[in-house]
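# Coordinate analysis (summary)
Take a look at the letters that make up each chain.
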Amino acid sequence: MTGVLSDIADEVIAIPLELPEGEFIEKVRSVRKEGNNLFLISNEVLYRFDKAGKFICRITNPEEIQVAGYVVYQTKRELIVLGNKDDIFYYSYDGVLLEKKKLKSDFQHHQMSSVALYRDRIWSMEEYASIDADTGSLRIEKAVVEYDTSFNKITTRSLSPVDLGRAQFAQVYPIPRLAVADHSGMLYAYVPSTTDEYLLQDTLSLKNRWEDATRDAWQEQMVSLFPFCLGSRFWIANYQQNGDQSLNYSYCYDFKNDISWQKSEGWRDDFYQTGMINDLDSIDIYNHSYCFFKTGKELETSFPDKENELQAVLFIVKIKQA
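Residues numbered from 1 in each chain as written. Predicted model: local features only at pLDDT ≥ 70, side-chain atom pairs only at ≥ 80, totals over all residues. Heavy atoms only, no water.

This next bit is on the overall build of the chain. The secondary structure content of the chain amounts to two helices and 25 strands. Looking at the chain alone, contacts between residues at least 24 apart form 51% of all its contacts between residues at least 6 apart. Just so you have it, the chain exposes about 16,200 Å², and 46% of that area is on carbon and sulfur atoms. (Helix = DSSP H or I, 4+ residues; strand = E, 2+ residues; numbered from the N terminus. Contact = heavy atoms within 4.5 Å. Areas by Shrake-Rupley, 256 points an atom, 1.4 Å probe, with all protein chains shown as cover.)

So, in C-alpha cells, the structure goes:
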C-alpha cells in the first residue's frame, strides 16, 4: 500500500456544508446519511442537511440538550437523541420534539455513552458505578444494553476484549463505538489501541483464529471489543489525541492483497489534494463508508472558488469492498 486514499476508496464525494449567514461549523462528528438526508453533530448540536450540503434545519436546541449521541430511526423518520446524562429525546426529521423521557436504570450511577440501531433494536454502550461488597471500593463496569425503540430493556451483555492470543494489559479507553461485522452479522465494539505496536500481530492472530476468538462470545452474553473496525475487505484503525501526537497512527490491513499500511501522518488525499487525513471516521454500522472534514486554508488549493475562509467541506469516502 502507498498510503493514499485510492488504496482503500472507490470514490470520495465532497459536500460543501451551507449554513445560515453568520454561522459556521468547526468540527463534526457522528455523521449519518439516510436517503437524501445528512445528519451530523457539531458543538453538541444535531444538524440536518440534504445530501448536497444544503442546510435544512437544526434538530436540537443547545439550551435544551447537549447531544451525546443519536440514531436515525428510518422506519418512523425520527431521530432518537441522547443528552444530559439520562435524557432521551425523540425528534422528527424537521426538528420537532415529539417526546422526552428519562432512562430507567437499576443503578444509581449510570451513564450511556454511545448508541447504535441494528435490526430495529437500540444497542447502548453504558457505564455502571457500584460499590464492591468485599472491598468497599468504587467499581466501574461497561456493558452493552439492548432496548426496543421505546427504550424498554431487553438484554444486557458484558463487554470483553477479544482474545488476541497474547497477554493484554488494562488501558484507559476512549468511548467504544458499536458496529457490525459485515460477513457474519456479529455486533461488536471498536476502540483504537493506544499503541500501534501490536496491530499487525493482532490482525494476523485473529485472521488465523477467527472462529475460536469469536465463536462463544455472543452465546455467553458478551460483546467483543476489537482494536479495529472490521470491514469486508479492510480492517481499519485510527488513533488521535491532542497531547503527544507522536503516538498518533492510522492503520489498515487489506485482506484481498494480504498487505498492511501503518503510518503516523495518516492517508494522503489523492482525490481532492487536501493534504493528509488522519481522522477517518466510519459513518455507518457496517463501515462501508467513512468521512473526514476540512475547513479554511486546507481547502484553498482544492476549492479556489470558495472565497469564504470558513467554508466547511465534508468528504464521504466509499470504501472498496471484498
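We now examine the sheet that holds strand β9 (residues 97–102). Strand order across the open sheet formed by four strands is β6-β7-β8-β9, with antiparallel pairing between neighbours. The sheet terminates laterally at β6 (67–73) and β9, the two strands that pair on one side only. When the angles between neighbouring strand axes are averaged without regard to direction, this sheet yields 20 degrees. (Pairing = 2+ DSSP bridges. Axes fitted to C-alpha atoms, helices over the stretch in contact; angles between N-to-C directions.)

Nonpolar side chains tend toward joint burial in soluble globular proteins. Judged by nonpolar contacts, the single largest core of 38 residues is most densely connected at Ile 8, Tyr 188, Leu 230 and Leu 280. Where this core is concerned, the elements lending two or more residues are β1 (9–17), β15 (187–190), α1 (199–208), β17 (229–230), β18 (234–239), β19 (249–254), β24 (289–295) and β25 (312–319). Of all the elements, β18 adds the most residues to this core, at five residues. Setting aside chain neighbours within four positions, we find Leu 230 in contact with Val 180, Ala 181, Asp 182, Met 186, Tyr 188, Trp 210, Trp 235, Tyr 286 and Asn 287. Counting residues in hydrophobic clusters, the runner-up holds 16 residues, among them Phe 49, Phe 55, Ala 312 and Ile 316. (Core = buried A, V, L, I, M, F, W, Y, C linked by side-chain atoms within 4.5 Å. Buried < 20%, exposed > 50% of the residue type's maximum accessible area, 1.4 Å probe, protein only.)

What follows deals with the pairing of β6. Burial within β6 is extensive, with six of its seven residues counted as buried. Across six bridges, β6 lies against strand β7 (residues 78–83) in antiparallel orientation. Counterpart to Val 72 in the pairing with β7 is Leu 79. As consecutive antiparallel partners, β6 and β7 are separated by four residues, and within that stretch Arg 77 has a phi angle of approximately 50 degrees, a positive value.

Within this structure, the stated rule accounts for 18 aromatic pairs. Between Tyr 47 and Phe 55, the ring centres sit 6.4 Å apart and the planes meet at 65 degrees, which makes this aromatic pair edge-to-face. The same class applies to Tyr 47 as to Phe 55, namely buried. Here the aromatic residues Tyr 188, Trp 210, Phe 226, Phe 228, Trp 235, Tyr 251, Tyr 253 and Phe 255 are joined through ring pairs into a cluster of three or more. (Phe/Tyr/Trp six-rings, centres within 6.5 Å; stacked < 30°, edge-to-face > 60°.)

Quick look at the sheet that holds strand β3 (residues 37–42) now. Two strands in a sheet stick together by hydrogen bonds in their backbones, pointing the same way (parallel) or opposite ways (antiparallel). Pairing in this open sheet of four strands is antiparallel, and the strands run β2-β3-β4-β5 from one edge to the other. Two strands lie at the open edges of the sheet, namely β2 (29–34) and β5 (55–58), each paired on one side alone. In this sheet, neighbouring strand axes are inclined to one another by 20 degrees on average, regardless of whether the strands run parallel or antiparallel.

A word on the side chain of Ser 282. In this fold, Ser 282 is placed in strand β23 (residues 281–282). Engagement of the side chain of Ser 282 in a polar contact is seen with the backbone oxygen of Asp 284, the distance being 3.0 Å. At 2.8 Å, the side chain of Ser 282 forms a polar contact with the side chain of Asn 287. Not counting residues within four places of it along the chain, the set of residues in contact with Ser 282 comprises Arg 32, Arg 177, Asn 287, Ser 289 and Tyr 290. (Polar contact = N/O pair within 3.5 Å; in protein donor to acceptor, adjacent residues only side chain to side chain.)

Now for unusual backbone geometry. Unusually for a residue other than glycine, Asp 258 sits at a positive phi of about 55 degrees. For Asp 258, a relative accessible area of 48% translates into the label partly exposed. Positive phi values are uncommon outside glycine, yet Gln 273 reaches one of about 60 degrees. Along the chain, Gln 273 falls in the loop between β21 (267–268) and β22 (276–277).

A word on the side chain of Ser 250. Looking at where Ser 250 falls in the secondary structure, it is placed in strand β19. Judged by its relative accessible area of 0%, Ser 250 is buried. Here Asn 238 takes part through its side chain, which lies 2.8 Å from a polar atom of the side chain of Ser 250. For Ser 250, the contacting residues outside a window of four places in its chain are Ala 237, Asn 238, Gln 240, Trp 261, Gln 262, Lys 263, Gly 266, Trp 267, Ile 277 and Asn 278.

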